[in-house]
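Now for the letters of each chain:
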Amino acid sequence: MIRSKKIMGAFLIVLLALVLTACSTTRSSSDSGGAASSDKKDKDINIAVNQDFTTLDPHNVSDTLSISATHAIYEGLVGFDKDMKIQPVLATDYKISDDGLTYTFHLRKNVKFQDGSSFNAEAVKANFDRIQSSKDALIASHYLQYLKSVKIVDDHTIQLILNQPFSAMLNKLTMVEMISPKALKDQGDKIGMHPVGTGPFEFVKWNQGESLILKKNPNYWDKGYPKVDQITYKSVPENGSRVDMLKTGEADFIYPLPEQSVQALKTQNDITVDQTTSNIVRYVTLNTNKKPFNDKKVRQAMNYALDKNAYIKVVKSGFGSELDSTMAPSTQFYSKQKVYNYDLSKAKELMKEAGYAKGFTAEIWGDTDSATMKGMQFIQQQMARINIKLKIKAMEQGTLSDAINTPKSPDDAKVQMWYVSWSPSSGDADGATRGLFSSAAFPPNGSNTAYYKNGEVDKLIDKANQTTDVEKQKSMYATIQKDIYNDAPWLFLGVDTNLSAHVNKLKGVYVLPDGSIQVKEAELQ
Amino acid sequence: MKKYIVKRILGIIPLLFVVSFLIFLFIHLVPGDPARLIAGKDADLQQINAIKHQLHLDEPLYKQYIDYMNNLFHGNLGESIKSKVPVSELIGERIVPSLELSLLSIAWAMVIGVLIGIISAIFKNRWPDNIGMITAVSGISLPNFWLGLVMIQIFSVKLGLLPTGGIETWKGYLMPSIALGAGIMAMIARFTRSSLVQTLKEDFIRTGRSRGYSGLTIVFGHALRSSLIPVVTVAGLQFGFLLGGSIVVETVFSFPGMGRLLINSIQMRDYPVVQAELMLFSFEFILVNLIVDLLYGFLNPKIRYD
């Protein structure tokens, strides 16, 4: 017994010693960790985001988070204001010819790129040339599909000449940001890691998967901006950790803010929660080429059977609004429609008229993340009330994309229902319509997974594009939205609310409807 | 011994060859088209095909494999399809933190785990054993993300002692290493205990005791060393997994490790990055196995390598 006590004592001493060594190992390993501790100064801000940045090449970016960063470093000839109205940025003004084919831009003078080179007509042309010569391989070439040529009129005037009138051209140009031609020449494809633009912030360092650091551009043309010295974007994928960082002061602004944390943060005096309407619409596509979804009555019945308010309450924790058109209210030429208000008896009657009183079984497809699963389960439960038995099939995004796009013809398509979302990246009606409802956009050529085909709508989509009269465009898009909403190729669900939060002393950072974070006006008080 | 090591190292080369082929085949057979995922939702077929062409994804598979192997032999891992960043750079930035975190986690898990195991074995079925095994069972049963979230609440939010995530200072390594190491520590404790209990029943121990050696001498001088063989096997295996990164812990602590890079690259079907990472993991596993095999001989000199 005495001996075993001795052994215990010896063990405790060894244990203590080892714990101490372990601690000192920690110290030494941190030295080699090499990450310089960032001493956050008075005029520095930290923004916590949920993903990793993928590229800083503005001509080859498709994810909204990376677009947030390119918007801080670069600028286009035109850009969006807070309400997604188009404003001149690097152009001081623009003129569109009566035939809608020639866009003349007068460029801002005395603007320099962050590497000191001058911004002028030559630089603008170099940027358009880069995109066009990529032969469609750069993502931005999609925005310039109707651009025929670029003409330098003088050092500060440039003309874009189109093949055909294109009503969304200015919206698309907000996505074409100007890179320093000198940097483009030096860096080539690597420009995505060494970005040089004219924007309010210039590039410092990008720690892959961890953080992106930008600093104030001291020679920024818009005098008085920027008002902060440094911005550090931190990639924090875990929802709870982002919220915690705001509480501990490690972050000044977080986006997205998880819905379930809103109430808890609202009670904190030093933190403000922001809700802004987004242009992200949520819906389920119904394959109109397949039985029983080829029957309009069935599709309408499904819309009547779904309680949209309950959807927002249950799936979106109360944040969002019902989708009352084919696009969100913040999208160009939006026109409100008469909503399929929840009406179970009407839904049952329509199902009976269509010969499906006993219902049917179908598959609903979607992504594997928990929010999507929740949505699909809700829809499953709602559809069961009109005897539609849904089988949920969740697929990882690459697999899902293949399942949607591999079929060569509409008749081969396996998709019946797909729970998904859409946001037109340049906020224009064309971007919210053509790829989703034009019969030319059946997969794999586009995202019309409802296989919706309406000759009248097809005609109007093309016509609206080529008209130069804004009022006419507006009325055409109103007809388009009315026709589609009535045809019900979708289960129309909701429009997302963008949720973000910031410490009270930070002002001027906000989220645009497309989900990108704007930092130009950032200010600490 | 030397001969054995050389033989084993030479054996790695054909093994990696086979692995590279399997990885390549596996990745390209998984559904999903990188060009489409990169192009984004707005793209039409024409644009997707243009991207495919630019990335040489429209070439026959065997030709892509030859190109890939050719580059590999020239030390070129290619560049990320998505970001155009060289793969070596992408992995280089992540592997150091991942390696440090793995070493730290396995180090404390080994030390504490073996200690708890020894105490439990010596005091078998008495209170120190019970406490030790309760600790071990807790370590295995507590999910690491839960442990991580709880630690953040206590040490970051309430006490303000540690950062919630990131690795700007050494403090950023503490909580992730505890979350990662807890389960391994528990496993090692249990293996040490059962192995040591077995060894203490052996004849040579009884002989030692009858000769009047003290308990400490017997445990540390005779029993422990040969009891560690299964422990080293487990620890080696766990270390191999640690090097691959942990998506869950890296996510909870915003830790820029290999696990998140892998999952992001798989989601984007970023072939060059996925290939390089999987090759590296295979290599690491082979290497760890070799080291474990060599440790056997050290722990039990009866094990011969010829």
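This structure is a prediction, so every number in the text was calculated from the model and none was measured. (Residues numbered from 1 in each chain as written. Chains lettered and ligands numbered in written order. Predicted model: local features only at pLDDT ≥ 70, side-chain atom pairs only at ≥ 80, totals over all residues. Heavy atoms only, no water.)

## As for the environment of B:Ala35
Residues and elements named next belong to chain B. Take Ala35: it is sitting in helix α2 (residues 34–39). Spatially, the C-alpha atoms of Ala35 and Ile184 are 40 Å apart, while their sequence positions differ by 149 residues. Ignoring anything within four residues of it in the chain, the contact list for Ala35 reads Ile48, Ile51, Lys52 and Leu57. (Helix = DSSP H or I, 4+ residues; strand = E, 2+ residues; numbered from the N terminus. Contact = heavy atoms within 4.5 Å.)

## Digging into the packing of helix α9 (residues 308–315) of chain A against helix α11 (residues 370–383) of chain A
Any two packed helices are characterised by the angle at which their axes cross and by the distance between the axes. Residues and elements named next belong to chain A. Contact geometry of α9 with α11 gives a least axis separation of 10 Å together with a crossing angle of 145°. α9 and α11 meet at a crossing whose hand is right-handed. Judged by residue contacts, Ala310, Tyr311, Val314 and Val315 of α9 engage Ala371, Lys374, Gly375 and Phe378 from α11. Looking at the contact of α9 with α11 residue by residue, the classes come out as six nonpolar, one polar and one charged. (Axes fitted to C-alpha atoms, helices over the stretch in contact; angles between N-to-C directions. Left-handed = near helix turned anticlockwise from the far one by under 90°. Nonpolar A, V, L, I, M, F, W, Y, C, P; charged D, E, K, R; others polar.)

## Details of the UniProt feature "transmembrane region" (unreviewed entry) in chain B
All names here are of chain B. Here, the residues flagged by UniProt with the feature "transmembrane region" (unreviewed entry) are residues 12–30, 103–123, 144–161, 173–192 and 278–299. From the first C-alpha to the last, residues 144–161 spans 20 Å; its make-up is 83% helix and 0% strand. Within the segment residues 173–192, helix and strand shares are 100% and 0% respectively, and the terminal C-alpha atoms sit 27 Å apart. (UniProt positions renumbered as here; feature names shortened; annotations may be inferred.)

## Quick notes on the pattern of salt bridges
Applying the stated criterion across every chain, the model contains 25 salt bridges over all chains. Close ionic contact of A:Asp428 with A:Lys172 constitutes a salt bridge, the shortest N to O distance being 3.3 Å. Separated by 256 residues along the polypeptide, A:Asp428 in the loop between β16 (417–422) and α13 (434–437) and A:Lys172 in helix α4 (residues 169–173) bring together distant segments of the chain. As far as burial versus exposure is concerned, A:Asp428 and A:Lys172 are alike and both buried. The salt bridge involving A:Glu396 is made with B:Arg269; its shortest N-O contact spans 2.8 Å. Here the residue A:Glu396 occupies a position in the loop between β15 (388–394) and α12 (397–405), and B:Arg269 occupies one in the loop between α12 (258–267) and α13 (271–299), the pair thus bridging two chains. On the basis of relative accessible area, A:Glu396 is assigned to the partly exposed category, the value being 24%. When salt bridges with common partners are traced through the structure, they connect A:Asp52, B:Arg94 and B:Arg260 into a single cluster. (Salt bridge = Lys/Arg side-chain N within 4 Å of Asp/Glu carboxyl O. Buried < 20%, exposed > 50% of the residue type's maximum accessible area, 1.4 Å probe, protein only.)

## Quick word on the domain arrangement of chain A
Residue and element names in this part refer to chain A. By domain assignment, chain A separates into domain 1 (1–73 + 199–271 + 499–525), domain 2 (75–189) and domain 3 (281–495). Taking only C-alpha atoms into account, the centre of domain 2 sits 34 Å from that of domain 3. Counting residues at the interface gives 16 residues for domain 2 and 14 residues for domain 3. When the two sides are added together, the surface that domain 2 and domain 3 hide from each other amounts to roughly 1100 Å², 46% of it contributed by carbon and sulfur. Area buried by domain 2 at its contact with domain 3 is led by Pro165, Ser167 and Asn171, which between them contribute 39% of it. Residue composition of the side of domain 2 that touches domain 3, grouped by class: eight nonpolar, five polar and three charged. (Domains from an automatic or database assignment. Buried area = accessible area lost by both parts, 1.4 Å probe.)

## What about the interface of chain B and chain A?
Each partner contributes to the interface: chain B provides 67 residues, whereas chain A provides 69 residues. Across the contact surface, chain B and chain A share five salt bridges. Between A:Asp52 and B:Arg260 there is a salt bridge, and its shortest N-O distance comes to 2.7 Å. Elements that contribute at least two residues to the side of chain B that touches chain A include exactly α2, α3 (45–54), α5 (87–122), α7 (144–158), α8 (171–200), α10 (215–243), α11 (247–252) and α12 of chain B. Per-element accounting of the side of chain B that touches chain A gives the leading share, 13 residues, to α5(B). For the side of chain B that touches chain A, the residue count by class is 35 nonpolar, 16 polar and 16 charged.

## Overview of the UniProt feature "domain: Solute-binding protein family" (unreviewed entry) in chain A
In this structure's numbering, the residues bearing the UniProt feature "domain: Solute-binding protein family" (unreviewed entry) are residues 85–440 of chain A. A helix fraction of 27% and a strand fraction of 25% characterise residues 85–440 of chain A, whose end C-alpha atoms lie 29 Å from each other.

## Concerning the domain arrangement of chain B
Residues and elements named next belong to chain B. Assigned domains of chain B: these are domain 1 (2–73) and domain 2 (93–299). A straight line from the C-alpha centre of domain 1 to that of domain 2 covers 33 Å. At the interface, 22 residues of domain 1 touch 15 residues of domain 2. With both chains or domains summed, domain 1 and domain 2 bury close to 1800 Å², and 77% of this area falls on carbon and sulfur atoms. Run the count over domain 1 and domain 2 and you get one salt bridge.

## Overview of a nonpolar patch on the surface
Residue and element names in this part refer to chain B. Where nonpolar side chains cluster on the molecular surface, the patch consists of Phe17, Val18, Phe21, Leu22, Leu25, Leu29, Leu61 and Phe73 and spans about 770 Å² of accessible area. For the nonpolar patch, the secondary structure elements donating two or more residues are α1 (2–29) and α4 (61–73). The element best represented in the nonpolar patch is α1, accounting for six residues. Here Phe73 shows up in helix α4. (Patch = residues over 30% accessible without salt bridge, like charges linked within 9 Å, V, L, I, M, F, W, Y side chains within 5 Å. Areas by Shrake-Rupley, 256 points an atom, 1.4 Å probe, with all protein chains shown as cover.)

## Some remarks on the nonpolar core
Counting residues in each nonpolar core, the largest one holds 112 residues, and the members touching the most others are A:Ile47, A:Leu77, A:Phe105, A:Phe128 and A:Leu173. For this core, the element with the highest residue contribution is α13(B), accounting for seven residues. The contact partners of A:Phe128, leaving out residues within four places of it in the chain, are A:Leu77, A:Leu144, A:Leu147, A:Val150, A:Leu160, A:Leu173, A:Val176 and A:Met178. (Core = buried A, V, L, I, M, F, W, Y, C linked by side-chain atoms within 4.5 Å.)

## Examining the packing of aromatic side chains
Residues and elements named next belong to chain A. Using the criterion set out here, one finds 25 aromatic pairs over all chains in the structure. Between Tyr94 and Phe105, the aromatic rings sit 6.0 Å apart at their centres with planes inclined by 50°, giving tilted as the arrangement. Placement of the pair is Tyr94 in strand β4 (residues 91–96) and Phe105 in strand β5 (residues 102–107), with a sequence separation of 11 residues. Using a relative accessible area of 0% as the deciding quantity, one classes Phe105 as buried. Taken together, the aromatic side chains of Tyr283, Tyr304, Tyr340, Phe437, Tyr452, Tyr485, Trp490 and Phe492 make up a single cluster linked through ring pairs. (Phe/Tyr/Trp six-rings, centres within 6.5 Å; stacked < 30°, edge-to-face > 60°.)

## Quick word on the sheet that holds strand β7 (residues 157–162) of chain A
Residues and elements named next belong to chain A. Across the sheet, four strands lie side by side as β4-β5-β7-β6; this open sheet has antiparallel pairing. At either end of the open sheet lies a strand with only one pairing partner, and these are β4 and β6 (147–154). The average undirected angle you get between the axes of adjacent strands in this sheet is 20°. Inspection of the sheet shows β4 paired to β5 by five bridges, in the antiparallel sense. Looking across to β5, one finds that Tyr94 is bridged to Phe105. Its contacts with the sheet place helix α3 (residues 121–133) against β5, β6 and β7, and it is angled at close to 165° to β6. (Pairing = 2+ DSSP bridges.)

## Here's the deal with unusual backbone geometry
All names here are of chain A. Cis geometry marks the peptide bond from Tyr225 to Pro226, where omega comes out at -10°. Of note, the amide linkage connecting Pro443 to Pro444 takes the cis form, showing an omega dihedral of 5°. Checked against the element boundaries, Pro444 lands in the loop between α13 and α14 (455–466). The phi dihedral of Asn110 falls on the positive side, at around 60°, and the residue is not glycine.

## Observations regarding helix α6 (residues 239–248) of chain A
Residue and element names in this part refer to chain A. Taken together, the buried positions of α6 are occupied by Ser241, Arg242, Val243, Asp244, Met245 and Leu246. Measuring from the side-chain oxygen of the N-cap residue of α6 to the backbone nitrogen of Gly240 gives 3.1 Å; that N-cap residue is Glu238. After α6 finishes, the residue Gly249 shows a positive phi value of roughly 90°. (Polar contact = N/O pair within 3.5 Å; in protein donor to acceptor, adjacent residues only side chain to side chain.)

## Details of the environment of A:Ile312
All names here are of chain A. With respect to the secondary-structure elements, Ile312 resides in helix α9. Relative accessible area serves as the criterion here: at 8%, Ile312 is assigned to the buried category. Considered as a pair, Ile312 and Asp496 are 184 residues apart in the sequence and their alpha carbons are 9.0 Å apart. If sequence neighbours within four positions are ignored, Ile312 has contacts with Ser317, Gly318, Phe319, Gly320, Ser321 and Glu322.

## Examining the side chain of B:Ser156
With respect to the secondary-structure elements, B:Ser156 resides in helix α7. B:Ser156 sits in the buried class, given a relative accessible area of 3%. When sequence neighbours within four positions are dropped, the list of residues in contact with B:Ser156 reads A:Thr248, B:Met151, B:Leu162, B:Pro163, B:Thr164 and B:Met175.

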